[in-house]
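Chain by chain, the residues run as shown.
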Amino acid sequence: MHFVTMKIQGEERIGLTDEAQNYVLDLHKAQKELGNGTVLPSTLLEGIEQGESFIESMAKLRDHVFMQRDSESYFYPMGEIHLLAPIPRPRKNIFCVGKNYRDHVLEMGSEGDIPEHIMIFTKSPTSVIGPGASIESHENLTDQLDYEGELAIVIGKSGKGISIEDAMDHVFGYTIVNDITARDMQKRHKQFFLGKSLDGSCPMGPTIVHKSFMEDPQSLIVETKVNGEVRQRESTGLMIFSIPEIIATISKGMTLEPGDIIATGTPAGVGKGFEPPRFLKKGDVVEVSVEKIGTLKNVVV
Ligand code: MG
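Thresholds applied
Residues numbered from 1 in each chain as written. Predicted model: local features only at pLDDT ≥ 70, side-chain atom pairs only at ≥ 80, totals over all residues. Heavy atoms only, no water. Helix = DSSP H or I, 4+ residues; strand = E, 2+ residues; numbered from the N terminus. Rg over C-alpha atoms; globule rule 2.2 N^0.38 Å. Contact = heavy atoms within 4.5 Å. 1 Å grid on protein atoms, 1.4 Å probe; cavity = no way out; pocket = protein on both sides within 12 Å on 5 of 7 lines; lining within 4 Å. Points joined across faces, edges and corners; volume = space filled by probe spheres on them. Nonpolar A, V, L, I, M, F, W, Y, C, P; charged D, E, K, R; others polar. Buried < 20%, exposed > 50% of the residue type's maximum accessible area, 1.4 Å probe, protein only. Donors = N, O, S within 2.8 Å, 3.2 Å for Na, K, Ca; no water. Domains from an automatic or database assignment. Buried area = accessible area lost by both parts, 1.4 Å probe. Polar contact = N/O pair within 3.5 Å; in protein donor to acceptor, adjacent residues only side chain to side chain. Pairing = 2+ DSSP bridges. Axes fitted to C-alpha atoms, helices over the stretch in contact; angles between N-to-C directions. Parallel < 35°, antiparallel > 145°, perpendicular 65-115°, else oblique.

Quick notes on the overall build of the protein chain
The helix and strand tally for the protein chain stands at 7 helices and 20 strands. Taken against the 2.2 N^0.38 rule, which gives 19 Å for 301 residues, the C-alpha radius of gyration of the protein chain at 19 Å falls within 12% of a compact globule. Projected onto its principal axes, the C-alpha positions of the protein chain cover 60 × 45 × 30 Å. Within the protein chain, contacts between residues separated by at least 24 positions form 74% of all contacts whose residues are at least 6 apart in sequence.

Thoughts on empty space enclosed by the protein
Under the criterion given, the structure shown has 1 cavity of 30 Å³ or more. Considered as a void within the structure, the largest cavity measures approximately 40 Å³ in volume. Tallied by class, residues from the lining of the largest cavity come to 3 nonpolar, 2 polar and 3 charged.

Topic: the layout of surface pockets
Put simply, the largest pocket is a space of about 390 Å³. Surrounding the largest pocket, 24 residues form its lining, Met108, Arg183, Gln186, Phe192 and Lys272 being those nearest its centre. Of all the secondary-structure elements, those providing two or more residues to the lining of the largest pocket are strand 6 (94-98), helix 4 (102-108), strand 7 (119-123) and helix 5 (183-188). At 3 residues, helix 5 tops the list of elements feeding residues into the lining of the largest pocket. When grouped by side-chain class, the residues that make up the lining of the largest pocket number 5 nonpolar, 9 polar and 10 charged. As for the second largest pocket, its lining consists of Met1, His2, Leu16, Thr17, Asp18, Glu19, Tyr23, Leu25, Arg62, Phe66, Phe75 and Phe213. Elements that contribute at least two residues to the lining of the second largest pocket include exactly strand 2 (11-17), strand 3 (23-26) and helix 3 (52-66). Here the residues of the lining of the second largest pocket sort into 7 nonpolar, 2 polar and 3 charged.

Side note on helix 7 (residues 243-250)
Here helix 7 lies mainly inside the structure; 6 of its 8 residues are buried. Among all positions in helix 7, only Ile243, Pro244, Ile246, Ile247, Ala248 and Ile250 are buried. Lining the buried residues of helix 7 we find strand 6, strand 7, strand 11 (149-155), strand 12 (171-178) and strand 18 (261-263).

Topic: the coordination of the magnesium ion
Around the magnesium ion, the protein contributes the donor atoms Glu148 (OE), Glu150 (OE) and Asp179 (OD), at 2.0 to 2.1 Å from the metal centre. On the accessibility criterion, Glu150 (1% relative accessible area) is buried.

What to know about the domain arrangement of the protein chain
The domain boundaries assigned to the protein chain delineate domain 1 (2-84) and domain 2 (94-300). Put simply, the middle of domain 1 and the middle of domain 2, counted by C-alpha atoms, are 27 Å apart. With 15 residues of domain 1 at the interface, the matching set in domain 2 holds 17 residues. Taking both sides of the interface into account, the surface hidden between domain 1 and domain 2 amounts to around 1300 Å²; carbon and sulfur atoms contribute 65%. One can count 3 residue pairs in polar contact (both at pLDDT 80 or more) joining domain 1 with domain 2. Elements with a contribution of two residues or more to the side of domain 1 that touches domain 2: strand 1 (2-8), helix 2 (44-50), helix 3 and strand 5 (82-84). Per element, the largest residue contribution to the side of domain 1 that touches domain 2 is 4 residues, and it comes from helix 2. Its residues assigned to classes, the side of domain 1 that touches domain 2 comprises 9 nonpolar, 3 polar and 3 charged.

Some thoughts on the pairing of strand 3
The pairing of strand 2 with strand 3 spans 3 bridges and is classified as antiparallel. When the bridges of strand 3 are listed, Gly15 appears paired with Asp26. Linking two consecutive strands that pair antiparallel, namely strand 2 and strand 3, is a turn of 5 residues; a positive phi of about 60° is found at Gln21 within it. Relative to strand 4 (residues 75-77), strand 3 runs antiparallel, the two sharing 3 bridges.

A word on the packing of helix 1 (residues 27-34) against helix 3
Across the interface, helix 1 lies against helix 3 with an axial gap of 10 Å and an inter-helix angle of 70°. Relative to helix 3, helix 1 is oriented roughly perpendicular. Between helix 1 and helix 3, the residues in contact are Leu27, Ala30, Gln31 and Leu34 and Met58, Leu61, His64 and Val65, respectively. Its residues placed into classes, the contact of helix 1 with helix 3 shows 6 nonpolar, 2 polar and no charged.

Comments concerning the environment of Ser110
With respect to the helices, strands and loops of the structure, Ser110 is situated in the loop between helix 4 and strand 7. The sequence separation of Ser110 and Pro88 amounts to 22 residues, and the corresponding C-alpha distance is 36 Å.

Pasting the structure below:
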């Protein structure tokens, strides 16, 4: 199942897209008009908190829609709807893994910077924007705005001290995050938070793909294009620390909760990695694609 969050008539609604992402099924409209005994959570985040029962009831509702003679009225063309980030306002900061692809570590420094232990920082929830929303250039604060295309994990089941073996049981699904970074602020303030948390610096989406539709999250191609030019293209199989290792490490002494989002790190090809660097500027179109999840497209303004 491919979930989206959309805005229709000023209201946040949960939708389901088909694999090709041509259409979106309006689950709220279907529930309201067809009933089917389904209780629909008001947000995708609430649905994720309900766990497996949410997936089961949404599958039932979807099948019920397909049985209707006028089922088309519950679908919208994907291009015509206003998509929001799947979780427009996470309850906590977004967890981010730094330096998780060898070639990216090398483009930013040297062999000696390859981490021995997982490096974690966070982005503020207010930095989240949806597909198609504008990335603010924040010209008064930075002239080194950079992109980082990443696969992100969405946690589905609460846990602390999660073992590597059990880690995947705690995953709800996967989305895309563009970890927009003000490199000069990162350097100036000697830490990551300010330069990683500017408003609009966490484009997310377009979908959350439920884990049952993701055979192997460690063999997906992450690709970032700027104005149509491929800048990053790498398999998630090349992560230094795998998804189970990331979940196990974060949860060692900290509870992970449903709806928590973990961006898994970016491959080589960020703007700072070029000589001379190629930072983002107004008007740039940034597209991050991950197989099955879709393409997250945003314009810098
Ligand atoms: Mg990153």
